[in-house]
Amino acid sequence: MKGQFPLERFQSIRTPFYYYDADLLRKTLQTINDEVERHENWHVHYAVKANANPSLLRIIRNAGFGADCVSGGEIEACIRAGFPASKIVYAGVGKSDWEINLGLDNNIFCFNVESIPELEVINQLAHQKGKTARVAFRLNPNVGAHTHANITTGLAENKFGIAMRDMVPVIEHATCLQNIQVVGLHFHIGSQILDMNDFKALCNRVNELQDELERHRITVEHINVGGGLGVDYEHPNRLPIADFKSYFDTFARTLKLRTGQSLHFELGRAVVAQCGSLITRTLYIKEGAFKKFCIVDAGFTDLIRPALYQAYHKIENLSSDSATESYDVVGPICESTDVFAKQIDLNETHRGDLIAIRSAGAYGEIMASGYNCRQLPKGITSDEL
Ligand code: LLP
């Protein structure tokens, strides 16, 4: 055992694989529930896009969470994992007809709608089934977030959501449609957000928009503020559970809910990031002209975040306690971007050593690809070992 890892057990598992600490996940879920239960009518829908591993989905469902889905495949995965359809929200700028039909057939909680053409199609498909679709409008609040540009979503320049100036006419139009029931407003400003002022800015914008709606005598059942809370990638051991208290307190203090209105969250990363590590084996230590490469058997096909967003993940050698040396940790893919980290200190590393790439539970396994005809990595939870 090194740290929290059952090293002996790992020896017989084919690398690379994802390892999930189920106890940490349960503790994280409990922390969230403790915060949320202090407020009447607050609900968390786990953002399945972060990780749809069936074992994790079952643990999250058992904690009573709903689900936030962005595709028919995610809706199917959630139904299989036992999430009640009445707790499923379905978002996305490009929903196909079969996906909308799947949502209608299962009577999901609501569709988060991003455009008028989409609304018309949902109305038409619901009409064919003699059903009424519950919809929330995703509004683009034009609120920035201090995070990587690729994962900012709430600015006017992004493809997401309906522009604020269109909010009233869109809702008025929707209320005329026979098979649509407008139930909520939906927002999401970005991901890996650590500055609570960004969420505060979102709350202030929601307050303004609700005031405007009230002037038009429009009220909605619920407000959905999306997800976005970040985690500490630098210190996964010191801060294994995100600062949910500050996050939820920000909404409790700043957001003005109307009487009877419920508040919904769609947290993904902060739920699962820290419980997951990518476990990979060192294949070779290669002495370059002026540095050492630690070549591992995982590549960006297994974890694409460093290559795609220049994301930092802490890397540890689980098999060695020797003095540290500097390495570039790289994968086997035939691309120069297949690098997990440059010039980092690892305990002196040899062929066969197991390496943990930490904080990889969110947007890791689920973003894996088969490029180079590589096998997809498996995910194993501590419950299964
Ligand atoms: N709700 C909506 C509408 C979203 O678009 C997202 C994430 C979430 C909720 C969940 O956000 P979270 O709580 O996980 O921040 N692949 C990127 C992250 C993409 C996030 C996309 N949307 C990464 O690896 O950093």
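These numbers come from a predicted model, not from an experiment.

The subject of this paragraph is the pattern of salt bridges. For the structure shown, the criterion picks out 18 salt bridges. With a closest N to O distance of 2.8 Å, arginine 258 and glutamate 214 form a salt bridge. One end of the pair, arginine 258, is in the loop between α9 (244-254) and β10 (262-265); the other, glutamate 214, is in helix α8 (residues 196-215), and 44 residues separate them in sequence. Overall, the relative accessible area of 39% leaves glutamate 214 in the partly exposed class. Sharing partners across several salt bridges, the network here consists of Glu35, Arg38, Lys245 and Asp249.

Looking now at the environment of lysine 87. Within the secondary structure layout, lysine 87 lies in the loop between α4 (72-80) and β4 (88-90). Under the relative-accessibility criterion, lysine 87 is labelled partly exposed at 34%. The sequence separation of lysine 87 and alanine 52 amounts to 35 residues, and the corresponding C-alpha distance is 16 Å. Look past the residues within four positions of lysine 87 in its chain and what remains in contact with it is His45, Gly64, Phe65, Gly66, Ala67 and Phe109.

Tracing the backbone through its elements, the reader meets glutamine 210 in helix α8. A relative accessible area of 4% places glutamine 210 in the buried class. Among all residues touching glutamine 210, those that are not within four sequence positions of it are Val220, Ile223, Lys256, Arg258 and Gln261.

As a further point, take the domain arrangement of the protein chain. Under the domain assignment, the protein chain is made up of domain 1 (22-272) and domain 2 (276-384). If you average the C-alpha positions of domain 1 and of domain 2, the two centres end up 33 Å apart. Listed per partner, the contact involves 22 residues of domain 1 and 22 residues of domain 2. Carbon and sulfur atoms make up 47% of the area that domain 1 and domain 2 hide from each other, which totals about 1,800 Å². Three residues stand out in domain 1 for area buried against domain 2, namely Tyr233, Pro236 and Arg269, and they jointly supply 27% of the buried area on that side. Across the pair arginine 26 and aspartate 383 runs a salt bridge whose closest N-O atoms are separated by 2.9 Å. When contributions to the side of domain 1 that touches domain 2 are tallied by element, the ones reaching two or more residues are α2 (22-36), α3 (54-62) and α10 (269-272). A breakdown of the residues in the side of domain 1 that touches domain 2 according to their chemical character gives nine nonpolar, seven polar and six charged.

Once that is clear, we can look at the site of the ligand. The environment of the ligand is made up of 18 residues, and the closest members are Ser191, Glu266, Arg305, Tyr309 and Tyr363. Glutamate 266 is positioned with one of its side-chain polar atoms (N or O) 2.6 Å from a nitrogen atom of the ligand. Tyrosine 363 places a side-chain nitrogen or oxygen 2.6 Å from an oxygen atom of the ligand. With the chains in place, 92% of the 590 Å² that the ligand exposes on its own is no longer accessible. Within the shell around the ligand, the residues separate by chemical class into six nonpolar, six polar and six charged. Structurally, the shell around the ligand is a two-domain feature, drawing no fewer than three residues from each of domain 1 (22-272) and domain 2 (276-384).

Attention shifts here to unusual backbone geometry. Glycine aside, a negative phi is what most residues show, and trans is what most peptide bonds show. Here threonine 15 and proline 16 are connected by a cis peptide whose omega angle stands at -5°. Locating proline 16 in the fold gives a position in the loop between α1 (7-10) and β1 (17-20). Even without being glycine, asparagine 107 reaches a positive phi, approximately 55°. Relative to the assigned elements, asparagine 107 resides in the loop between α5 (97-105) and β5 (110-113). Despite not being glycine, cysteine 373 shows a phi value in the positive range, around 55°. Within the secondary structure, cysteine 373 is located in the loop between β16 (354-357) and β17 (378-381). On the basis of relative accessible area, cysteine 373 is assigned to the exposed category, the value being 77%.

Of all six residues in strand β2 (residues 42-47), five are buried, a share of seventy percent or more. Bridge count between β2 and β10: three bridges; the pairing is parallel. Across the sheet, residue histidine 43 finds its bridge partner in β10, namely histidine 264. Where β2 and strand β3 (residues 66-69) come together, three bridges link them in parallel fashion. Its bridge partner being in β3, histidine 45 is matched across the sheet by glycine 66.

Cut-offs applied
- Residues numbered from 1 in each chain as written.
- Predicted model: local features only at pLDDT ≥ 70, side-chain atom pairs only at ≥ 80, totals over all residues.
- Heavy atoms only, no water.
- Salt bridge = Lys/Arg side-chain N within 4 Å of Asp/Glu carboxyl O.
- Helix = DSSP H or I, 4+ residues; strand = E, 2+ residues; numbered from the N terminus.
- Buried < 20%, exposed > 50% of the residue type's maximum accessible area, 1.4 Å probe, protein only.
- Contact = heavy atoms within 4.5 Å.
- Domains from an automatic or database assignment.
- Buried area = accessible area lost by both parts, 1.4 Å probe.
- Nonpolar A, V, L, I, M, F, W, Y, C, P; charged D, E, K, R; others polar.
- Near = heavy atom within 4 Å.
- Polar contact = N/O pair within 3.5 Å; in protein donor to acceptor, adjacent residues only side chain to side chain.
- Areas by Shrake-Rupley, 256 points an atom, 1.4 Å probe, with all protein chains shown as cover.
- Pairing = 2+ DSSP bridges.

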